[in-house]
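Okay, here's what each chain looks like letter by letter:
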Amino acid sequence: LTQDELKKIAAYKAVEFVESGMVLGLGTGSTAKHAVDRIGDLLRLGKLKNIVGIPTSKKTQEQAVSLGIPLSDLDSHPSIDLAIDGADEVDPYLNLVKGRGGSLLREKMVEGACKKFVCIVDESKLVNHLGGSGLAMPVEVVPFCWKFTARKLQNMFESSGCVAKLRNDGKGEAFVSDNGNYIVDLYLKKSIGDLVVASDGILRIAGVVEHGMFLDMATTVIVAGELGITINNK
Ligand code: DER
């Protein structure tokens, strides 16, 4: 099975949790895309009714509009029944790294407002501890003096061999999030130790808006692997 087929399997399994009448957090990324497509299919087939979607990015909003999924926002729906979204990393305690797609702030706002947050991944996302894979740990920062903020972040995790890099948009410019902010990616050589301490430290830096560690937020993680699907509940 290809990675994308595994993502689709996890996504379709998550959509089995969706009931008519629900307010749904719609995730962002290539795995969540399959879940949103599936919800659109079931609505069109009449198997799901009265769904309201709360998108976690402009990209997902556009996808949902094209599928005819009725949309609203957190101002109108401060409490959401169920969110379905992907992740970049999942540790054994269901803590996540998210945000390599640049949508972490709206994802964390929406998923923080959910009664249930079902995370969908293929098995390649499973790690023993967050941030140790050498891949990006995203932090959304205000553009004002971003170098100052990036340096503070890098110094904070110096003992983990941290290198902070501004995410670019692939066209030589800085990536700009849906909220008009920049993303500084932290590349760590070693684990950052206590995740809550790291989270608090990052959020205490004035130029930081939010980071990509979703601690104790997922209520269920659905993992699709070569040997089948596993469903891990908090
Ligand atoms: O950017 C994000 O938070 C995405 O959800 C990411 O974490 C997972 O993206 P993927 O499903 O394309 O791997």
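Residues numbered from 1 in each chain as written. Predicted model: local features only at pLDDT ≥ 70, side-chain atom pairs only at ≥ 80, totals over all residues. Heavy atoms only, no water.

### Here we look at the overall build of the chain
Counting secondary structure elements, the chain contains six helices and 13 strands. In summary, the chain has a C-alpha radius of gyration of 17 Å against a globular reference of 17 Å for 234 residues, a match within 12%. Here the C-alpha coordinates of the chain stretch approximately 55 × 40 × 35 Å along the principal axes. A buried classification covers 50% of the 234 residues belonging to the chain. Taking the intrachain contacts of the chain between residues at least 6 apart in sequence as the baseline, contacts between residues at least 24 apart amount to 75%. Of note, the chain has its 27 positive side-chain charges centred 2 Å away from the centre of its 29 negative side-chain charges. (Helix = DSSP H or I, 4+ residues; strand = E, 2+ residues; numbered from the N terminus. Rg over C-alpha atoms; globule rule 2.2 N^0.38 Å. Buried < 20%, exposed > 50% of the residue type's maximum accessible area, 1.4 Å probe, protein only. Contact = heavy atoms within 4.5 Å. Lys, Arg positive; Asp, Glu negative; His and termini not counted. Charge placed at Lys NZ, Arg CZ, Asp CG, Glu CD.)

### A look at the nonpolar core
Most often, soluble globular proteins keep nonpolar side chains buried together rather than apart. In this structure, V18, L24, I39, I84 and I120 are the most contacted members of the largest nonpolar core, which totals 24 residues. Counting residues per element, the ones that place at least two in this core are helix 1 (3-15), strand 1 (23-26), helix 2 (30-44), strand 3 (80-85), strand 6 (114-122) and strand 12 (220-225). (Core = buried A, V, L, I, M, F, W, Y, C linked by side-chain atoms within 4.5 Å.)

### Overview of the pattern of salt bridges
Across all of its chains, the model carries 10 salt bridges by this definition. Here E16 ties to K13 by a salt bridge, and the two come within 3.3 Å at their closest N and O atoms. The class of K13 is partly exposed, set by a relative accessible area of 25%. With its nearest N and O atoms 3.4 Å apart, the salt bridge here joins E107 to K98. For the pair formed by E107 and K98, the shared burial category is buried. In the salt-bridge network here, residues are joined through shared partners; they are D85, K98 and E107. (Salt bridge = Lys/Arg side-chain N within 4 Å of Asp/Glu carboxyl O.)

### Observations regarding the sheet that holds strand 13 (residues 228-233)
To summarise the sheet geometry, strands pair through backbone hydrogen bonds and adopt either a parallel or an antiparallel arrangement. As summarised here, the arrangement of the six strands in space is 2-1-3-6-12-13, forming an open sheet in which the pairing is mixed. Each edge of the sheet is formed by a strand with only one pairing partner; in this case those strands are strand 2 (52-55) and strand 13. Strand-to-strand, the axes of this sheet are offset by a mean angle of 20 degrees, without reference to chain direction. With five bridges joining them, strand 3 and strand 6 adopt parallel strand pairing. Bridge assignment links I84 to a residue of strand 6, and that residue is V118. In this fold helix 1 packs onto strand 3, strand 6, strand 12 and strand 13, with an angle of close to 155 degrees to the strand it touches most, strand 6. (Pairing = 2+ DSSP bridges. Axes fitted to C-alpha atoms, helices over the stretch in contact; angles between N-to-C directions.)

### Some words on the packing of aromatic side chains
Overall, the coordinates contain zero aromatic pairs when judged by the stated rule. Its end group placed over the ring of F214, K98 keeps NZ or CZ at 5.6 Å from the ring centre. Its end group placed over the ring of Y187, K165 keeps NZ or CZ at 5.0 Å from the ring centre. (Phe/Tyr/Trp six-rings, centres within 6.5 Å; stacked < 30°, edge-to-face > 60°. Lys NZ or Arg CZ within 6 Å of the ring centre and 35° of its normal.)

### Digging into the pairing of strand 9 (residues 182-187)
As judged from the six bridges shared by strand 7 (residues 136-141) and strand 9, these two strands associate in the antiparallel manner. When the bridges of strand 9 are listed, P138 appears paired with D185. Pairing analysis gives four bridges linking strand 8 (residues 163-166) to strand 9, with the strands arranged antiparallel. Bridged to A164 within strand 9 is L186.

### Examining the site of the ligand
Of all residues adjacent to the ligand, which total 15 residues, the nearest are T28, S30, T31, E107 and K125. Contact distances for the ligand include 3.4 Å between an oxygen atom and a side-chain N or O atom of D85. A distance of 3.5 Å separates an oxygen atom of the ligand from a polar atom in the backbone of R100. Alone, the ligand offers 350 Å² of accessible surface; in the complex the protein occludes 91% of this. (Near = heavy atom within 4 Å. Polar contact = N/O pair within 3.5 Å; in protein donor to acceptor, adjacent residues only side chain to side chain. Areas by Shrake-Rupley, 256 points an atom, 1.4 Å probe, with all protein chains shown as cover.)

### Some remarks on the confidence of the model for the chain
Caution applies to low-pLDDT parts of the model: their predicted coordinates are not meant to be read in detail. Averaged over every residue, the pLDDT of the chain is 97; residues scoring 70 or more account for 100%. For this predicted complex, the interface confidence score (ipTM) comes to 0.97, while the overall pTM stands at 0.97. (pLDDT = per-residue confidence, 0-100.)

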